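Understanding the architecture of this molecule
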Amino acid sequence: MDYSIKIGGEAGQGIQTIGDTLAKVFSRFGYHVFTHQDYESRVRGGHNFYQIRIADHLVMTSREKIDIIVALDLDSITLHEKEVSPRGIILYDSSLIGQVPMSGEQAVARLDMPLLELATKHGNKIMVNTVATGAVLGIFRLDLQILAQILETTFQKKGREVVESNIQAALSGYNHVIAHCKTCVFPLEPETSAAKQTMMLMSGIDAIGLGALSSGCKFYAAYPMTPSTGIMNYLAGKEKEFGIVVEQAEDEIAAINMALGASFAGVRSMTGTAGGGFALMVEGLSLAGMTETPLVIALGQRAAPATGLPTRTEQGDLLFAIHSAHGEFPRIVFAPGTPEQAFSLTNKAFDLAEKYQVPVFLIFDQYIADTLWTYKTFDVNPVVWNDYRLRGEEFARLNTYKRHAFTETGVSPLGVPGEARHVVVTDSDEHDEEGHIIEDAETRNKMVQKRLMRKLPLIRCEIKEPLYYGGSNPRIVIAGWGSTYGVMKEAVDFLSKKESIGLLHFSELYPFPSPSPLTQNYFSTLKNAQFTICIENNATGQFARLMRAETGFEFHEKIHKYDGRPFLLEELAGEINARIGRL
Amino acid sequence: MPVLEDYKGQPPAWCPGCGNYSILKAFKETVVELGIEPYQFTIVSGIGQASKFPHYLKCNTFNGLHGRTLPVATGIRLANHEMLVFAVAGDGDCYGEGGNHLMHAMRRNINVNLFVHDNQIYGLTKGQPSPTSLEGMVTKNHPFGVFSEQLNPMALAVALDCSFVARGFAGEIEHLKELMKSAILHKGFSLLDILQPCVTFNKINTYEWYKKRVYKIEPEYSPDDRINAFTRALEWGDRIPLGVIYRNKRQILEERIPVIRDMPLVKQKFDASKIEDTLRDFS
Ligand SMILES: Cc1ncc(C[n+]2csc(CCOP(=O)(O)OP(=O)(O)O)c2C)c(N)n1
Ligand SMILES: [Mg+2]
């Protein structure tokens, strides 16, 4: 069982509400769900869609073929009709979107149903969304009880009457489908419902927020920018319960400097932005490096330079993150491929930022930020939490204190100002052990050795090998990083029926896991493969370049996509197949 | 009680005769007289001659980037509002590079004391005009003189309802100390603009130039009237007022954020046990 639903419409029509609601219903019934969103940078109008995949097995990418289209605008039909599977159907209301032209070569089943009329009958035309949601559930013959619970929580505040009319509206959509479309039946695996455990629905962006929360993040400063804004929203919602301060800064320069101020003052801090905002933060990144102030930066990639395609996806800022900022200093770069990884890498980011007093990046993108994944359980317990700061008694007990003292590890004691009689001094100028400005070559050299050379090998040891998925000694290895994990993994599942193929997925990217006793496994897998393909959601193959620079290894082939959209399963599997075919 | 010796810092790298020495002296005496210990306050400074200030005394110091004192100071206060926080910057640093932050720090009303060493010139970079340079001032990179109108930081601050607005003069140390004390004791964002002769690069606004023009605001003046204050703030030229020009009792940001009203963030322990419950949001 593996169905895909696409809800299309204009911005402001509420397709996200329908999508989110359906995702919730199916996940509460115990089905695996995966969703992704495609939207324009506008508040009203245009054409957006929300795609949901429902299955009885783990799914982590969207597919090309659609089984049900819910069309709230004409574009949803004209643009997407060709994607409809042979068993598929399009639901629409001609009184809303007008007459629909005849379909192309192949006739696609359509159901013109009175969404608007049913909504109006139950009280209000804005309930069109609820009617449509009920209609989709009707196709699956899925009990409305869970939808009723969701409507209850959503509309509780608006009163009993609103809840009731919404439930009735959903029921009318449900019944209409059953009465008027005999062929609209998509069977669900019977044993799945009820018996199965309710699933949790988690997006990439929420997982980063949750990760920050679980790591004791106390301060978040940012300037709104898609696709990072969700982190600010999530943490702001937890301010009271967890004692967090979220500050909307006047610009990204202020945001990173505020986060550094709070970190200097003794709390775990984070900032988040997209590529353009990060460009403004770059001097602050260098300041974090120089003053050895712990900082976590969530960098959400969107497509293209400048403002680009503001709401779309790309993996275009990897080398920017790695090479940004003037001067030389250590940094760490992670790029999660799943919400689970987003959670655990956020935790690791906070830990390492403080342990080594360096800036740590979490690179993500619009795609992973917005996708929803289902989990039976989500393990928040094995969270690393060490307080590396010097506070209270422990700090007061010291006879002398030097913020940037030379030590064997290069890591100097991180005192919290005000907690002892010692003063904490740091400087963006090159400084001595105490933190005061210097010019002499000897201190400069010693500081570079402390701040950079001694820390680097230790940081390297913290970096995990890439994840390998597939059989042993694969003939073909595909590789990628960050958000493409799901689609690459499913492509391997798809192709491994005929091929000996494996996947290397990199989420801990910098310092690069270069061949070493710790990481030699992955490297031999790569070297022993007959054919290797690097897959990236960008035009220039930034990861492949990094791999070559760090290891000398060159991939045989590359697959790139840079239209601002994510890879879909069949599309990627087809591309890989084509490359193999040319062997 | 601290004594002056407790504040001994690095040997200053300022030019002989620089107005910054008097500001440093006034500052040290102020904190000694108020009984504030070095570990009890933090100075955030930017980049410029003025911004080397915290190294020349002893205190918690975050000497950050050019123009970025106020965001760092804001972050420190939000994390620990029991810490007394100063931002020390030059006129170029604060009114030029960091102008946007100044506007928003005033709006937020974060309880930070901003002391601007206003020498009407870029000192460290060797004599370019600053936003407060006089119109027409000729410099190496402005052979036809400065075309832009001089920024009036006092008028700007009153217009933005800044909580405490004052002007001091490096040539009037005792008076300056009084202003520093008032700024520290005032609850709210304080801007103290300090006229500071630059003996090397600013040959117009010299000690003599300032002495001829400055006057202390008369004791009967009430800084609580904003319209009056605006009139006073606009005074510049033949007569330049020194003293507290404006103040108000706006609530500070730190007191408005419910989460830190009772206890500074830095003292709040992280409670990991509640995390499990938040998973409910996702089902
Ligand atoms: C981002 C950035 N731009 C430019 C500079 C160079 N710079 C250093 S100090 C300064 C101006 C100094 O003038 P001011 O702030 O008035 O301080 P003063 O030296 O006069 O005390 C400039 C332009 C810098 N350090 N950083
Ligand atoms: Mg200056």
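Residues numbered from 1 in each chain as written. Chains lettered and ligands numbered in written order. Predicted model: local features only at pLDDT ≥ 70, side-chain atom pairs only at ≥ 80, totals over all residues. Heavy atoms only, no water.

Overview of the overall build of chain A
Rules: In this text, helices come from DSSP runs of H or I with a minimum length of four residues, and strands from runs of E with a minimum of two, each type numbered from the N-terminal end. Just to be clear, the radius of gyration here is over C-alpha atoms, and the globule rule we use is 2.2 Å times residues to the power 0.38. The method behind every accessible area is Shrake-Rupley, applied with a 1.4 Å probe, and residues are considered shielded solely by the protein chains displayed. Only four residue types enter the charge count, namely Lys and Arg as positive and Asp and Glu as negative; His and the chain termini do not. Taken as the charge location is NZ of Lys, CZ of Arg, CG of Asp or CD of Glu.
Across its full length, chain A holds 22 helices and 21 strands. For 583 residues, the compact-globule estimate of 2.2 N^0.38 gives 25 Å, and chain A sits close to it at 26 Å. Accessible surface computed for chain A: about 21600 Å², of which carbon and sulfur atoms make up 51%. Treating the 55 positive side-chain charges of chain A as one cloud and the 68 negative ones as another, the clouds have centres 3 Å apart.

Here's the deal with unusual backbone geometry
Quick reminder of the rule: Relative accessibility thresholds used throughout: buried, under 20% of the residue-type maximum; exposed, over 50%; partly exposed, between the two (1.4 Å probe, protein chains only).
Cis rather than trans, the peptide bond between A:Thr226 and A:Pro227 has omega equal to 5°. Structurally, A:Pro227 is set in the loop between strand S8 (219–222) and helix H9 (229–237). Here the bond from A:Tyr510 into A:Pro511 is cis, since omega is 0°, no more than 30 degrees from zero. Structurally, A:Pro511 can be placed in the loop between strand S19 (508–510) and helix H20 (520–528). Positive phi is not limited to glycine here, since B:Gln120 has a value of about 55°. Position of B:Gln120 relative to the elements: it lies in the loop between strand S4 (113–118) and helix H5 (153–159). Taking the relative accessible area as the measure of exposure, B:Gln120 reaches 0% and is therefore buried.

Quick notes on the sheet that holds strand S20 (residues 531–536) of chain A
Residue and element names in this part refer to chain A. Note the following rule: Two strands pair under a simple rule: DSSP has to find at least two bridges between them. Helix axes use the C-alpha atoms of the stretch in contact, all axes being lines fitted to C-alpha atoms, and the angles between their N-to-C directions lie in the range 0 to 180 degrees. Residues are treated as being in contact if the distance between any of their heavy atoms lies within 4.5 Å.
Judged by pairing direction, the sheet is mixed, and its five strands sit side by side in the order S16-S18-S17-S20-S21 without closing on themselves. Looking at strand neighbours, the two that pair on one side only are strand S16 (467–470) and strand S21 (557–560), the edges of this open sheet. Neighbour-to-neighbour, the strand axes of the sheet open up by a mean angle of 20°, direction not taken into account. Strand direction decides the pairing type here: S16 and strand S18 (residues 501–506), joined by four bridges, are antiparallel. Paired with Tyr468 across the bridge in S18 is Leu504. Contacting S16, strand S17 (476–481), S18 and S20, helix H19 (residues 485–495) crosses the sheet at an angle of about 170° to S18.

Things to note about the pairing of strand S10 (residues 269–274) of chain A
All names here are of chain A. What counts, and what does not: For crossovers, right-handed means that the path from the first strand over the helix to the second runs clockwise, given strands pointing away from the viewer.
In terms of residue burial, S10 counts as a mostly covered element, since six of its six residues are buried. Of the two faces of S10, both are covered, the one formed by Ser269, Thr271 and Thr273 as well as the one formed by Met270, Gly272 and Ala274. Relative to strand S11 (residues 295–301), S10 runs parallel, the two being bridged by five bridges. Bridge assignment links Thr273 to a residue of S11, and that residue is Leu299. After leaving S10, the chain enters helix H12 (residues 275–291) and then returns to the sheet as S11, a path that is right-handed.

A word on the sheet that holds strand S2 (residues 32–38) of chain A
Residue and element names in this part refer to chain A. Taken together, eight strands build an open sheet; the order of strands is S6-S5-S4-S1-S3-S2-S14-S7 and the sheet is mixed. Both edges of this open sheet fall to strand S6 (109–112) and strand S7 (200–203), since each of them pairs with a single strand only. Between one strand axis and the next, the sheet turns through 20° on average, direction left out of account. Pairing geometry for S2 and strand S3 (residues 45–55), over seven bridges, is antiparallel. Along S3, the bridge assignment pairs Gln37 with Tyr50. The strands touched by helix H5 (residues 128–140) are strand S1 (2–11), S3, strand S4 (66–71) and strand S5 (84–92); relative to S4, the strand with the most contacts, the crossing angle is about 155°.

Focus on the coordination of the magnesium ion (ligand 2)
The condition is simple: Each metal's donors are the N, O and S atoms found within 2.8 Å of it, except that Na, K and Ca use a 3.2 Å limit; water is left out, so coordination can look incomplete.
Within the protein, the atoms that donate to the magnesium ion (ligand 2) are B:Asp91 (OD), B:Asn119 (OD1) and B:Ile121 (O), at distances of 2.1 to 2.2 Å. All donors of the magnesium ion (ligand 2) come from a single chain, and their spacing in sequence reads D-x27-N-x1-I.

So, the state of the cysteines
Every disulfide links exactly two cysteines, by a covalent bond between their sulfur atoms. All names here are of chain B. Cut-off, in case you're wondering: Disulfides are defined in this document as cysteine sulfur pairs within 2.5 Å.
In the structure shown here, the tally under the stated rule is one disulfide over all chains. The closest cysteine sulfur to the non-disulfide-bonded Cys18 is located on Cys15, 6.2 Å from its own sulfur. Under the relative-accessibility criterion, Cys18 is labelled buried at 9%. Free of any disulfide, Cys198 has its nearest cysteine sulfur in Cys15, 6.5 Å distant.

Observations regarding the packing of helix H1 (residues 19–34) of chain B against helix H6 (residues 173–185) of chain B
All names here are of chain B. What counts here: Small angles under 35 degrees read as roughly parallel and large ones over 145 as roughly antiparallel, with 65 to 115 read as roughly perpendicular and the rest as oblique. Here a crossing is taken to be left-handed if its near helix is turned anticlockwise relative to the far helix by less than a right angle, and right-handed if that turn runs clockwise.
Taken N-terminus to C-terminus, the directions of H1 and H6 make an angle of 50°; their axes are 9 Å apart at the nearest point. Relative to H6, H1 is oriented oblique. Our pair here, H1 against H6, has a crossing hand that is right-handed. Together, Ser22, Ile23, Lys25, Ala26, Phe27, Glu29, Thr30, Glu33 and Leu34 of H1 and Ile173, Glu174, Leu176, Lys177, Met180, Lys181 and Ile184 of H6 make up the contact between the two elements.

Things to note about the site of ligand 1
So the rule is basically this: For each residue, the test is whether any non-hydrogen atom lies within 4 Å of the molecule or strand; if one does, the residue is near. Under this definition, polar contacts are N or O atom pairs within 3.5 Å; protein pairs additionally need one hydrogen-donor-capable and one acceptor-capable atom, and for neighbouring residues in sequence, both atoms have to be side-chain atoms. Residues are grouped as follows: Ala, Val, Leu, Ile, Met, Phe, Trp, Tyr, Cys and Pro are nonpolar; Asp, Glu, Lys and Arg are charged; all remaining types, including Gly, are polar.
Neighbouring ligand 1 are 17 residues; B:Gln49, B:Asp91, B:Gly92, B:Asp93 and B:Gly123 lie closest to it. Positioned at a junction of chains, ligand 1 has nearby residues supplied by chains A and B. One of the backbone nitrogen or oxygen atoms of B:Gln49 is found 2.8 Å away from an oxygen atom of ligand 1. Within the contact set of ligand 1, an oxygen atom lies 2.8 Å away from a backbone nitrogen or oxygen of B:Asp93. Here ligand 1, which alone exposes 580 Å², has 78% of that area covered by the protein. When residues of the shell around ligand 1 are assigned to their parent elements, the largest contribution, four residues, is made by helix H3 (residues 91–97) of chain B. Of the residues that constitute the shell around ligand 1, the class distribution is five nonpolar, eight polar and four charged.

Details of the packing of aromatic side chains
Note the cut-off: Stacked, tilted and edge-to-face are the three classes applied to pairs of Phe, Tyr and Trp rings, where Trp contributes its six-membered ring and a pair requires centres within 6.5 Å; stacked means planes under 30 degrees apart, edge-to-face means over 60, and tilted covers the rest. For a ring to carry a charge above it, either NZ of a lysine or CZ of an arginine must fall within 6 Å of the ring centroid while also lying within 35 degrees of the normal to the ring plane.
Per the stated rule, a full pass over the model turns up 35 aromatic pairs over all chains. Put simply, the rings of A:Phe506, A:Phe512, A:Tyr522, A:Phe523, A:Phe543, A:Phe553 and A:Phe555 touch in pairs and so form one group of aromatic residues. The aromatic ring of A:Phe186 is capped on one face by A:Arg87, whose charged end is 5.9 Å from the ring centroid. In this structure, B:Lys274 packs its charged tip against the face of A:Phe242, placed 5.0 Å from the ring centre.

Quick look at the domain arrangement of chain A
Residue and element names in this part refer to chain A. Applied cut-off: For each domain, the first and last residues come from an automatic or database assignment. As a working definition, buried area equals the accessible area (1.4 Å probe) given up by two parts on being put together, with both sides summed.
Split by domain assignment, chain A resolves into domain 1 (2–198), domain 2 (202–375), domain 3 (392–462) and domain 4 (467–580). Relative to domain 4, the C-alpha centre of domain 1 lies at a distance of 35 Å. Of the residues lining the interface, 10 residues belong to domain 1; the matching set on domain 4 comes to 12 residues. For the pair domain 1 and domain 4, the summed buried surface comes to about 920 Å²; carbon and sulfur atoms form 55% of the total. Summed over the three residues of domain 1 that lose the most area to domain 4, namely Met60, Thr61 and Glu64, the buried surface amounts to 53% of that side.

Here's the deal with the interface of chain A and chain B
Filter applied, for reference: What makes a salt bridge here is a side-chain nitrogen of Lys or Arg within 4 Å of a carboxyl oxygen of Asp or Glu, nothing more.
With 66 residues of chain A at the interface, the matching set in chain B holds 49 residues. Note on chain A versus chain B: buried area summed over both sides is about 4700 Å², and carbon and sulfur give 65% of it. Our count for the contact surface shared by chain A and chain B stands at four salt bridges. Counting across the chain A and chain B interface gives 19 residue pairs in polar contact (both at pLDDT 80 or more). Of all the secondary structure elements, the ones that give two or more residues to the side of chain A that touches chain B are S7, helix H8 (204–214), helix H10 (239–242), strand S9 (245–248), helix H11 (252–264), H12 and strand S15 (425–427) of chain A. A per-element tally of the side of chain A that touches chain B places H11(A) first, with eight residues. Of the residues contributing to the side of chain A that touches chain B, the split by class is 31 nonpolar, 18 polar and 17 charged. As defined by bridge partners, S15(A) adjoins strand S2 (residues 60–63) of chain B across three bridges and the pair is classed as parallel.

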